[in-house]
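Spelled out, the chains give:
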Amino acid sequence: MSKEFDPFVAEWFSFVKNPNFNLVEKCLKFSQLLEYPDLDVEQYIEKINKIGMSLKESVSDVKNPTYLISMLNEHLFENLGFAGDDDDYYNPKNNFLNEVIDKKTGLPITLSILYAEVAKFVGLDLKIVGFPSHILVKYNEEMILDPFYDGRLLDIDDLQDILDTNFGGELEFQPEFLDEVSPEQILLRMTRNLKNSYAQSFVYDKALRCVDMVLAIEPESPDDIRDKGILEERMLNSDVALQYLNKYLEINPNAEDVDFILELIRSIKTKD
């Protein structure tokens, strides 16, 4: 489908794909592009460095990973007061790393990014894993940690409990749920989170911008094509909405929500 050139999305795409920037820099650029045009990226990198250096100064020469993770948890969650934002989970600001650093609360994904970055200062190589609905981190394969809940260690039963809570008991744990995710996948997940937060807040123009950012990276993603159509309809862009909704049905004809999409298409055509 033909799309108008959007310089904002083009800048986002080139930044995501640029190997010269690390995940933290890309997350802060994400904040700068979407909500905080005057954000000083270097200032927030320095804030993370200070958190990391103060952790490094507090640990002994012991290299035992269990000890180091214990000290990391104590430093971030007890001493500095970082915590998961259970009270205002869907607040769009929880997706922005600068906000998480300032207010010390965030989502599993943003807290995991900060957690893994600070861990580097004491030589811990933690991997961010794309667990469904709740990003986690792991040390090697034996330690699964949840930065949203004070870095607690999880076992298989805990992981299944998370799935049961978020999927109503309809999703069984699979080992691949603990696979590491790439920086690009993390950024896409953040963008989709933000799209949902904006949509739930009825900020449809910003939700639409997020879905355009995702489609720039994954242009054939069925769910995002569908969401683009739904959001365009809410912005009263009927022709574009029909284009994307019809494309969604073409590539995903057996979707569970096909009846809803067909009804939405009918209602758009009726209005026109």
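Everything quoted here is computed from the prediction, not taken from an experiment. (Residues numbered from 1 in each chain as written. Predicted model: local features only at pLDDT ≥ 70, side-chain atom pairs only at ≥ 80, totals over all residues. Heavy atoms only, no water.)

A.B. asks: An account of helix H1 (residues 7-17) is needed here, citing residue identities and associated values.
C.D. replies: Among the residues of H1, Phe8, Val9, Trp12, Phe15 and Val16 are the ones counted as buried. The buried residues of H1 occupy an angular sector of 125 degrees when the element is viewed end-on, so they sit on one face. For H1, the N-terminal capping position is held by Asp6, with its side-chain oxygen 2.9 Å away from the main-chain nitrogen of Phe8. (Buried < 20%, exposed > 50% of the residue type's maximum accessible area, 1.4 Å probe, protein only. Helix = DSSP H or I, 4+ residues; strand = E, 2+ residues; numbered from the N terminus. Arc of directions from axis to C-beta. Polar contact = N/O pair within 3.5 Å; in protein donor to acceptor, adjacent residues only side chain to side chain.)

A.B. asks: Summarise the environment of Pro147; cite the residues concerned and give the values.
C.D. replies: Relative to the assigned elements, Pro147 resides in the loop between strand S5 (143-146) and strand S6 (152-154). When its relative accessible area of 1% is taken as the criterion, Pro147 is described as buried. Each C-alpha atom of the pair Pro147 and Asp88 lies 17 Å from the other, and the pair is 59 residues apart in sequence. Beyond its immediate stretch of four places on either side in the chain, Pro147 contacts Phe77, Leu111, Ser112, Tyr115 and Val137. (Contact = heavy atoms within 4.5 Å.)

A.B. asks: If you had to explain the environment of Asn95 to someone new, which residues and values would you point to?
C.D. replies: Mapped onto the fold, Asn95 is located in the loop between strand S1 (83-84) and helix H5 (97-103). Each C-alpha atom of the pair Asn95 and Leu111 lies 9.5 Å from the other, and the pair is 16 residues apart in sequence. If sequence neighbours within four positions are ignored, Asn95 has contacts with Phe30, Leu107, Thr110, Met190, Asn193, Leu194 and Ser197.

A.B. asks: Requested: an account of the environment of Ile230, with residues and values cited.
C.D. replies: With respect to the helices, strands and loops of the structure, Ile230 is situated in helix H10 (residues 222-234). On the basis of relative accessible area, Ile230 is assigned to the buried category, the value being 12%. Once you skip the residues sitting within four places of it in the chain, Ile230 turns out to touch Leu245, Phe260, Ile261 and Leu264.

A.B. asks: Could you give an account of the pattern of salt bridges, with specific residues and numbers?
C.D. replies: Under the counting rule described, the total for this entry stands at 20 salt bridges. Linking Glu220 and Lys247 is a salt bridge whose minimum nitrogen-to-oxygen distance equals 3.3 Å. Highlighted residues: Glu220 in the loop between helix H9 (204-217) and H10 and Lys247 in helix H11 (residues 238-251), separated in sequence by 27 residues. Put simply, Arg226 and Asp227 hold a salt bridge, and the shortest N to O gap is 3.0 Å. Salt bridges linked by common partners bring Arg192, Lys195, Glu218, Asp223, Asp224, Arg226, Asp227 and Asp257 together as one network. (Salt bridge = Lys/Arg side-chain N within 4 Å of Asp/Glu carboxyl O.)

A.B. asks: Could you give an account of the sheet that holds S5, naming the residues involved and the relevant values?
C.D. replies: In spatial order, the strands read S3-S4-S5-S6; together these 4 strands make up an open sheet with antiparallel pairing. With one partner strand each, in any of the chains shown, strand S3 (126-129) and S6 form the two edges of the open sheet. With direction set aside, neighbouring strand axes in the sheet form an average angle of 40 degrees. Two elements, S5 and S6, share 3 bridges in a ladder whose sense is antiparallel. Along S6, the bridge assignment pairs Leu145 with Leu153. (Pairing = 2+ DSSP bridges. Axes fitted to C-alpha atoms, helices over the stretch in contact; angles between N-to-C directions.)

A.B. asks: Give me the layout of surface pockets: which residues, what numbers.
C.D. replies: Estimated volume of the second largest pocket: approximately 380 Å³. If one sorts the elements of the lining of the second largest pocket by residue count, helix H8 (residues 183-200) sits on top with 6 residues. Each residue belonging to the lining of the second largest pocket can be placed in one class, and the counts come to 6 nonpolar, 7 polar and 2 charged. (1 Å grid on protein atoms, 1.4 Å probe; cavity = no way out; pocket = protein on both sides within 12 Å on 5 of 7 lines; lining within 4 Å. Points joined across faces, edges and corners; volume = space filled by probe spheres on them. Nonpolar A, V, L, I, M, F, W, Y, C, P; charged D, E, K, R; others polar.)

A.B. asks: Tell me about the nonpolar core, and name the residues and values.
C.D. replies: Leu97, Ile113, Tyr115, Leu126 and Ile128 are the most contacted members of the largest nonpolar core, which has 66 residues in total. Residues in contact with Leu97, not counting those within four places in the same chain, are Val24, Cys27, Leu28, Ser31, Ile48, Thr110, Ile113 and Leu114. Listed in part, the 15 residues of the second largest apolar core include Ile225, Ala241, Ile265 and Ile268. (Core = buried A, V, L, I, M, F, W, Y, C linked by side-chain atoms within 4.5 Å.)

A.B. asks: Pulling in residues and values, what's your account of the packing of helix H3 (residues 41-58) against helix H4 (residues 65-79)?
C.D. replies: Where H3 meets H4, the axes come as close as 10 Å, and the angle between the chain directions of the two elements is 130 degrees. The angle between H3 and H4 falls in the class oblique. Crossing hand, H3 versus H4: right-handed. The segment H3 lies against H4, with Ile51, Ser54, Leu55 and Ser58 engaging Tyr67, Met71, Leu72, His75 and Leu76. Grouping the constituent residues of the contact of H3 with H4 by class yields 6 nonpolar, 3 polar and no charged. (Parallel < 35°, antiparallel > 145°, perpendicular 65-115°, else oblique. Left-handed = near helix turned anticlockwise from the far one by under 90°.)

A.B. asks: For unusual backbone geometry, give the residues involved together with the corresponding values.
C.D. replies: At Lys104, a position not held by glycine, the phi torsion is positive, near 65 degrees. Its location among the elements puts Lys104 in the loop between H5 and strand S2 (105-106). The exposure class assigned to Lys104 is partly exposed, which follows from its relative accessible area of 30%. Even without a glycine there, the phi angle at Asn140 is positive, about 50 degrees. Note that Asn140 resides in the loop between strand S4 (136-139) and S5.

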